[in-house]
Amino acid sequence: MFNYLKKPWVLAILVVVIAISAFFIIPVEKRQYGLSETAMTTDYTGLLPEKIETIHEANNREQLVSIVRQANQDGKKISIAGVQHSQGGHTYYKDGIVIDMKPFNKILNVDQKKKTVTVEAGALISDIQQAVTKKGLALKVSQSLPIFSVGGSLSVNGHGRDIRNGSMASTVQKMTVITPTGTLKTLTKKANQQEMSYYLGGYGLFGIIVDVTLSLTDNEVYAYEPEEVAVSSYETYLKNVLADDSIAMHYARLSVDPEHFLNEMYVMNYKKTGRVAQNAALKEETQIRLSKLGLDLGRQGGKAETLFWNMQKDLFLKKTGKTITRNNAMRSESTFMEYTKKGSVEVLQEFFIPIDAYEEFVAHLKTWLPKDDQHDEVKLHNITLRIVSKDESTQLNYAREPMIAFVLLIQHPSSETGINQAKTYIQKWTDTALAHNGTYYLPYYPYQTTEQFKAAYPQAKHVLDYKLEQDPNEVFVNHFYDNYLQKVAN
Amino acid sequence: MRFLPLIVTVGNALVFPYYIIWLKNVTLTFSLFAWMFALHSFAAALGYQLCVKKSTKSIHWIYAMYALCFIFVGLSSFWTFDYTYATVAVQIVLGFTQGYFRAWHVHQLFYTLHAVSNYLLVGFAMLGLSFIHIVTPQFILFVFGCLLFITFLYATIHHIIRTKKKLAR
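Residues numbered from 1 in each chain as written. Chains lettered and ligands numbered in written order. Predicted model: local features only at pLDDT ≥ 70, side-chain atom pairs only at ≥ 80, totals over all residues.

Quick look at the overall build of chain A
Inference 1: Across its full length, chain A carries 15 helices and 17 strands.
Inference 2: Relative to the compact-globule value of 23 Å for 490 residues, chain A shows a C-alpha radius of gyration of 23 Å, a close match.
Inference 3: Residues classed as buried in chain A amount to 43% of the 490 residues present.
Inference 4: Counted over contacts in chain A with a minimum sequence separation of 6, partners at least 24 positions apart contribute 72%. (Helix = DSSP H or I, 4+ residues; strand = E, 2+ residues; numbered from the N terminus. Rg over C-alpha atoms; globule rule 2.2 N^0.38 Å. Buried ≥ 20, exposed ≤ 12 C-beta atoms within 10 Å, placed from the backbone. Contact = placed C-beta atoms within 7 Å.)

Okay, structure coming up:
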């Protein structure tokens, strides 16, 4: 047997088999981030490490009220953290107290008749999905990934693939909050919409969201309808999609590979089948390594990125006719996207552009964006397009009319020089967006200037004034407050 | 010429700890680290068997393969692509090369002399390297790669001259 193994052709086969297997055991990395009292605290990107003083795990309402009142008395600062997927230090502050909401995660009630769910703010979207799918229900709006906490999603006013029901904040019927001075309050959409609009999309600066009641809808079954669309006709195409009530969800991808740069796109429509899934199973992440292998191929840039784009497009177009439940459509995979290369980081940016300005915006981007960024320090890996309806539920509102969200995945070095290069690049994106009456999203690293923030959010000064009125001791603070909101005072 | 193999054996032993540090960083988990070693070993066995079968006389191209591997690893921090996948290829080439070289080396008359010199040189050189703290493992691997490339050029030129002389006779 052993002699047989020594034959060169047997050894050659062994080498090939082990080499192929090694490709598949290349680990899916996990970013090291989170809260710590002894080491530096960071959020998902790790770009803003900070030393905090204390972490309080949220247990009950009385404890939370007591922490807030004590902080007011002692002149301490409080930040609120969920799963910390925001990327700009929104969940901690230098020498401050962090309230970790993750343990505060009970599903309090699912009302099948009224189609609502009441949950504690630390619960994950996936926890809600598990509770409501058994009753044939699904969230009315949620991000497309189920890994975020409810409190976090509402504080950043998350949005997803749904094109009919606005952002997540607009589905809040009732919420319990703790004000910056330590008063437990219940707010309802009917009676307190104005007050709620500061907590929702308020980035944790107006107090603690304790629990919320969210609207649900039927866990409908949708048929995938992928299609390749010409970039120049997307505006018209999208208007037809919005006019077609049988389409419940929609998103698109725009090419960023050198060969088709901003010249190709495909869309995915989720068409109603008229069926509702009762107690349908939730999908789990599968083929993570294979997906990661594909994404890593795209990350190489150049021809590999083109190959990845073509493969991805073919895979999507092959989904035609297959079906998916609403819960599962709001439950995309995310583990394969992990990226932990030393000295480099992948970050998100989002720009919201009015639907009618889409073509002009893309044409404007083409005038300055490099077609091939393989050898650049700042690389654009992906553009996903989402649709957000006009938002009237939040003060720091990013969609003053129906908008197309350009969700960008950008890689850049984590060195100071690399961050500065990314700043220049992202500020140019922001200027382009602002030139077309666009806005940008705020849960990310503060690459933008104060002037750009003021231009995108003219209501910011009013929001700051209200904040100082409600929180005169400035107890609820975070890096977002320092880097953006506080700066509009001048 | 007969001392060139000594550069390979001593150099390999010297850079081995640095290569291990690099490999551990790249592979992220012990499982993958171990699989990479398995791959190296099987490739070495294949290289050994092929060399024995061919009873090769000239191995100057082996120096080039070695050099490419170490230069690649030495420059890895500059690559824009994710070199975890490329490491699979490096392990195969390096394993194959080491097996092939060893099969050739043990059949040379000067092997016994080299073996003793190898141990002595590695011992002294390691002591010397212990005083160097300001360079990265990649830098040392890169320097060794360059040295091997020079060795390859020297061996190739030597091989060409010798072949021409033989033909002239």
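Don't stop here, the text continues.
A word on helix α1 (residues 4–27) of chain B
Residue and element names in this part refer to chain B.
Inference 1: For α1, with 24 residues, the first-to-last C-alpha span of 32 Å sits near the 34 Å given by 1.5 Å per residue.
Inference 2: Residue Phe 16 marks the point of greatest curvature in α1, where the axis turns by about 45 degrees; the proline Pro 17 follows within four residues.
Inference 3: Taken residue by residue, α1 has Pro 5, Val 8, Thr 9, Gly 11, Asn 12, Val 15, Tyr 18, Tyr 19, Trp 22, Val 26 and Thr 27 as its buried positions.
Inference 4: Looking at the buried residues of α1, the elements they touch are α2 (30–54), α3 (60–74), α4 (84–105), α5 (111–129) and α6 (137–168).
Inference 5: Positive backbone phi, approximately 65 degrees, marks Leu 28, located one or two places after α1. (Expected span 1.5 Å × (residues − 1). Bend = angle between axes of the 7 residues up to and from the residue.)

So, the domain arrangement of chain A
All names here are of chain A.
Inference 1: Splitting chain A by domain gives domain 1 (107–218) and domain 2 (220–442).
Inference 2: Spacing between the C-alpha centres of domain 1 and domain 2 amounts to 24 Å.
Inference 3: Contributions of two or more residues to the side of domain 1 that touches domain 2 are made by α4 (125–133), β6 (137–139) and α6 (189–199). (Domains from an automatic or database assignment.)

Here's the deal with the packing of α3 of chain B against α6 of chain B
Residue and element names in this part refer to chain B.
Inference 1: Viewed as axis vectors pointing N to C, α3 and α6 meet at an angle of 160 degrees, and their least axial separation amounts to 7 Å. With respect to α6, the element α3 is oriented roughly antiparallel. Judged by the sense of rotation from one axis to the other, the crossing of α3 with α6 is left-handed. (Axes fitted to C-alpha atoms, helices over the stretch in contact; angles between N-to-C directions. Parallel < 35°, antiparallel > 145°, perpendicular 65-115°, else oblique. Left-handed = near helix turned anticlockwise from the far one by under 90°.)

Description of the sheet that holds strand β1 (residues 54–57) of chain A
All names here are of chain A.
Inference 1: Taken together, 3 strands build an open sheet; the order of strands is β1-β3-β2 and the sheet is parallel. The two strands at the open ends of the sheet, each matched to only one other strand, are β1 and β2 (78–81). The mean inter-strand angle of the sheet, taken between neighbouring strand axes irrespective of direction, is 25 degrees.
Inference 2: Two strands pair when backbone bridges link them, and β1 and strand β3 (residues 97–100) are joined in this way by 4 bridges, in the parallel orientation. Bridged to Glu 57 within β3 is Asp 100.
Inference 3: In this fold helix α3 (residues 61–74) packs onto β1, β2 and β3, with an angle of close to 170 degrees to the strand it touches most, β3. (Pairing = 2+ DSSP bridges.)

Focus: the interface of chain A and chain B
Inference 1: In this complex, chain A contributes 22 residues to the contact, which on the side of chain B involves 22 residues.
Inference 2: Sorting the residues of the side of chain A that touches chain B by element identifies α2 (8–25) and α8 (288–299) of chain A as the ones contributing at least two each.
Inference 3: The dominant element in the side of chain A that touches chain B, judged by the number of residues it contributes, is α2 of chain A, at 11 residues.
Inference 4: A per-class count over the side of chain A that touches chain B returns 12 nonpolar, 5 polar and 5 charged. (Nonpolar A, V, L, I, M, F, W, Y, C, P; charged D, E, K, R; others polar.)

With respect to α3 of chain B
Inference 1: Compared with the 21 Å implied by 1.5 Å per residue over 15 residues, the 21 Å span of α3 of chain B between its first and last C-alpha is a close match.
Inference 2: Taken as a whole, α3 of chain B has its buried residues at Ile 62, Tyr 63, Met 65, Tyr 66, Ala 67, Cys 69, Phe 70, Phe 72, Val 73 and Gly 74 of chain B.

Quick notes on unusual backbone geometry
Residue and element names in this part refer to chain A.
Inference 1: The backbone of Asp 95 shows a phi angle near 55 degrees, a positive value even though the residue is not glycine.
Inference 2: Here Asp 95 is to be found in the loop between β2 and β3.
Inference 3: You can call Asp 95 exposed: it has 11 C-beta atoms within 10 Å.
Inference 4: Positive phi values are uncommon outside glycine, yet Asn 279 reaches one of about 55 degrees.
Inference 5: If you trace the backbone, Asn 279 turns up in the loop between β12 (265–276) and α8.

Focus on the environment of Ile 288 of chain A
All names here are of chain A.
Inference 1: Looking at where Ile 288 falls in the secondary structure, it is placed in helix α8.
Inference 2: With 11 residues separating them in the primary sequence, Ile 288 and Arg 299 have C-alpha atoms 16 Å apart.
Inference 3: Residues within four places of Ile 288 in sequence aside, it is in contact with Val 28, Glu 333, Thr 335 and Phe 336.

Some points on the environment of Gly 74 of chain B
All names here are of chain B.
Inference 1: Within the element layout of this structure, Gly 74 appears in helix α3.
Inference 2: Along the sequence, Gly 74 and Phe 42 sit 32 residues apart, while their C-alpha atoms lie 24 Å from each other.
Inference 3: Residues contacting Gly 74, with those up to four places away along its chain left out, are Gln 138, Phe 139, Leu 141, Phe 142 and Gly 145.

Digging into the sheet that holds strand β16 (residues 403–413) of chain A
All names here are of chain A.
Inference 1: In space, the 8 strands of this open sheet follow the order β13-β10-β12-β11-β15-β16-β14-β17, with antiparallel pairing throughout. Of all strands in the sheet, those with a lone pairing partner are β13 (323–325) and β17 (439–440), marking the two edges.
Inference 2: Two elements, strand β10 (residues 220–229) and β12, share 9 bridges in a ladder whose sense is antiparallel. Counted as the bridge partner of Val 229 is Met 265 from β12.

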